[in-house]
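Architecture at a glance
Here is how the chains run, residue by residue.
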Amino acid sequence: MAPAGIQAERILALWHVTLAVCTAVFVAVLLALVVAIRRASRRDKEGREPDRRHEPRLRRGVVAATVVSVILLCGLIAADFLTDHALSRLPMADPLRVEMVGHQWWWETRYAADGDRPAFVTANQLRLPVGRPVLVTLKSSDVIHTFWVPNLHGKRDMIPGRDAAILLRADRAGDYRGQCAEFCGAEHALMAFSVSALPQPDYAAWVQRERQDARPPEDATLRRGMGIFLGNACAQCHTIRGTPASGTLGPDLTHVASRPLLAAGTIANTPENLARWIAAPGSMKPATTMPPTGLPPEEMQALVRYLGSLQ
């Protein structure tokens, strides 16, 4: 209901038309029902039999109502068609290309290489430059998911083995919420991602930071935390570019500290929540495939400090 792009504005206009027509029909049906109940009640009190002389007039009324209903339905179909036609003809020259992969239950976002600048991968977030069209290629690694950013566009299904695509354009800077809109398992409701539309200079600066490898640890505590990460199962599931960790089962953590949310939009990215998530992810997201980590407090503190340094 708060569009930030021209596609969402078109869809909102269609929603207003549909709401107006359906409300009018609903009110008309209720009025007809009230009139019928009052007439029947009055007739029952007076003990009169139904007057058959009014049947032709009632029949004409039913026919007229049916014709009006058909006209209204055809009008809604036409409005839907025109909206879809307008969305397909929007100017989308030179789009930014991004690929998003749905997993149970998180999002992998892949930004393509640009000349000699390397590609990079992030998770549970989508960053867009304001005013530039973005072509998002959609894939699923397991079951059917649905990509949906209500402030920017409608829904698009992600079917395993079949690529889909959706064109977006954010015309207003801001932070928005994306969500899986197709039931995909126990933690479907906790499969969200953050969307930020940034002015072009801010977007370019963000991309430049994301393309870089993780910063080497600067003190003994951070070095210990990196050693704990690499020496445990963390490195088998997650990637931190610039280190030997290259797992692909879970999100890329190269710049995890810069993300606003953890666990696909489940909790805020704070040191306390990060420690709780590492220690017992099932307490926050019961069906998550991430196993609990039984680290002593000192090792947990070092690991959280290290991950918190990955800006």
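What you see as residue numbers is a count from 1 along each chain, following the sequence as written. Local features in a predicted model are, by the rule used here, given only for residues with pLDDT of at least 70; side-chain atom pairs are given and counted only at 80 or more, and totals for whole chains, interfaces and linings are based on all residues. To obtain the side-chain values, all non-hydrogen atoms of the structure were included, while hydrogens and water were left out.

As recorded in an unreviewed UniProt entry, the chain goes by cytochrome-c oxidase and comes from Bordetella bronchialis. According to UniProt, the comment filed for the chain under the heading Sequence similarities (unreviewed entry) is "Belongs to the cytochrome c oxidase subunit 2 family." What UniProt records for the chain under Catalytic activity (unreviewed entry) is the sentence "4 Fe(II)-[cytochrome c] + O2 + 8 H(+)(in) = 4 Fe(III)-[cytochrome c] + 2 H2O + 4 H(+)(out)". UniProt positions are given in the numbering used here, feature names are shortened, and annotations may be inferred rather than shown by experiment.

**Describing the overall build of the chain**
The numbering of helices and of strands both runs from the N terminus, where a helix is a DSSP run of H or I of at least 4 residues and a strand a run of E of at least 2. Helix and strand counts for the chain stand at seven helices and twelve strands. C-alpha atoms define the radius of gyration, and 2.2 Å times the number of residues to the power 0.38 defines the globule rule. Relative to the 2.2 N^0.38 estimate, which gives 19 Å for 311 residues, the radius of gyration of the chain is 27 Å and therefore markedly larger than a compact globule would have. When its C-alpha atoms are laid out on the principal axes, the chain stretches across 95 × 45 × 35 Å. Contacts spanning at least 24 positions in sequence make up 62% of the contacts within the chain whose residues lie at least 6 apart. Of the accessible surface of the chain, which amounts to about 17300 Å², a share of 60% is contributed by carbon and sulfur atoms. Contacts are assigned to residue pairs with any non-hydrogen atoms lying within 4.5 Å of each other. Accessible surface is estimated by sampling points in the Shrake-Rupley manner with a 1.4 Å probe; for residues, cover comes only from the protein chains shown.

**Here's the deal with the sheet that holds strand β2 (residues 106-111)**
Here the rule is simple: two strands pair whenever DSSP picks up at least two bridges between them. A sheet is described by the order of its strands in space; here five strands give the open sequence β3-β2-β1-β5-β8, paired in mixed fashion. At either end of the open sheet lies a strand with only one pairing partner, and these are β3 (120-123) and β8 (164-168). Here the strands of the sheet are splayed against their neighbours by 25° on average, with no regard to which way each runs. Pairing geometry for strand β5 (residues 134-140) and β8, over five bridges, is antiparallel. In the sheet register, L135 faces β8, and the bridge partner there is L167. Axis definition: a line fitted to C-alpha atoms, over the contacting stretch in the case of helices. Angles run 0 to 180 degrees between N-to-C directions. Each of β1 (96-103), β2 and β3 touches helix α3 (residues 200-211); the most contacted strand, β3, lies at about 100° to it.

**A look at the pattern of salt bridges**
Definition used for salt bridges: Asp or Glu carboxyl oxygen within 4 Å of a side-chain nitrogen of Lys or Arg. On inspection of all chains with the given rule, the structure shows nine salt bridges. Close ionic contact of R169 with D171 constitutes a salt bridge, the shortest N to O distance being 2.9 Å. When the shortest N-O distance is used, the salt bridge between D219 and R305 registers 3.4 Å. Here the residue D219 occupies a position in the loop between α3 and α4 (220-231), and R305 occupies one in helix α7 (residues 297-308), the gap between them amounting to 86 residues. Residue classification places R305 among the partly exposed positions, given a relative accessible area of 41%. Salt bridges sharing common partners tie together E99, E108, R110, K139 and D163. Three exposure classes are used, based on accessible area relative to the maximum for each residue type with a 1.4 Å probe and protein chains only: buried under 20%, partly exposed in between, and exposed over 50%.

**So, the UniProt feature "domain: Cytochrome c" (unreviewed entry) in the chain**
Listed under "domain: Cytochrome c" (unreviewed entry) in the UniProt record, and renumbered for this structure, are residues 220-311. Note that residues 220-311 is 40% helix and 4% strand, and that its end C-alpha atoms are spaced 18 Å apart.

**Some points on the confidence of the model for the chain**
Confidence of the predictor in every single residue is expressed as pLDDT, which spans 0 to 100. Residues at a pLDDT of 70 or more form 97% of the chain, whose mean pLDDT is 90. Looking at the elements of the chain, mean pLDDT is at its lowest for helix α2 (residues 55-88), recorded as 86, and at its highest for strand β6 (residues 145-148), recorded as 97.

**A closer look at α3**
Taking 1.5 Å per residue as the helical rise, α3 with its twelve residues ought to reach 16 Å, and the 16 Å between its terminal C-alpha atoms agrees with that figure. For α3, the complete set of buried residues consists of Y203, W206, V207, E210 and R211. In an axial view of α3, the angular spread of the buried residues amounts to 130°, which keeps them on one side of the axis. For α3, the exposed residues lying more than 90 degrees away from the buried face are P201 and Q208. As for α3, its buried residues are in contact with β1, β2, β3, β4 (125-129) and β10 (192-198). Here a helix's expected span is defined as the number of its residues, less one, multiplied by 1.5 Å. Working definition: the arc comes from the directions between the helix axis and the C-beta atoms, pointing outward to the latter.

**What to know about the UniProt feature "transmembrane region" (unreviewed entry) in the chain**
Listed under "transmembrane region" (unreviewed entry) in the UniProt record, and renumbered for this structure, are residues 12-37 and 58-79. Each end of residues 12-37 is marked by a C-alpha atom, and these two atoms are 37 Å apart; helix forms 100% of the span and strand 0%. With 100% helix and 0% strand, residues 58-79 has end C-alpha atoms that lie 31 Å from one another.

**Examining the pairing of β5**
Most of β5 is tucked away, with five of its seven residues classed as buried. Taken together, the seven bridges between β1 and β5 define a ladder with parallel strand orientation. Residue pairing for β5: E99 is matched across the bridge by T137.

**Concerning the packing of helix α6 (residues 271-279) against α7**
α7 packs onto α6 with a crossing angle of 120° between their chain directions and a minimal axis gap of 10 Å. With respect to α7, the axis of α6 lies oblique. In the crossing of α6 with α7, the sense of the turn from one axis to the other is right-handed. On the side of α6, the interface is formed by P271, L274, A275, I278 and A279, while α7 contributes M300, L303, V304 and L307. Considering only residue class, the contact of α6 with α7 consists of nine nonpolar, no polar and no charged. Convention used here: angles under 35 degrees read as roughly parallel, angles over 145 as roughly antiparallel, angles from 65 to 115 as roughly perpendicular, and any remaining angle as oblique. Throughout, a crossing is termed right-handed when the near helix is turned clockwise from the far one, and left-handed when it is turned anticlockwise from it by less than a right angle. Under the grouping applied here, Gly and all other residues not named as nonpolar or charged are polar, the nonpolar ones being Ala, Val, Leu, Ile, Met, Phe, Trp, Tyr, Cys and Pro and the charged ones Asp, Glu, Lys and Arg.

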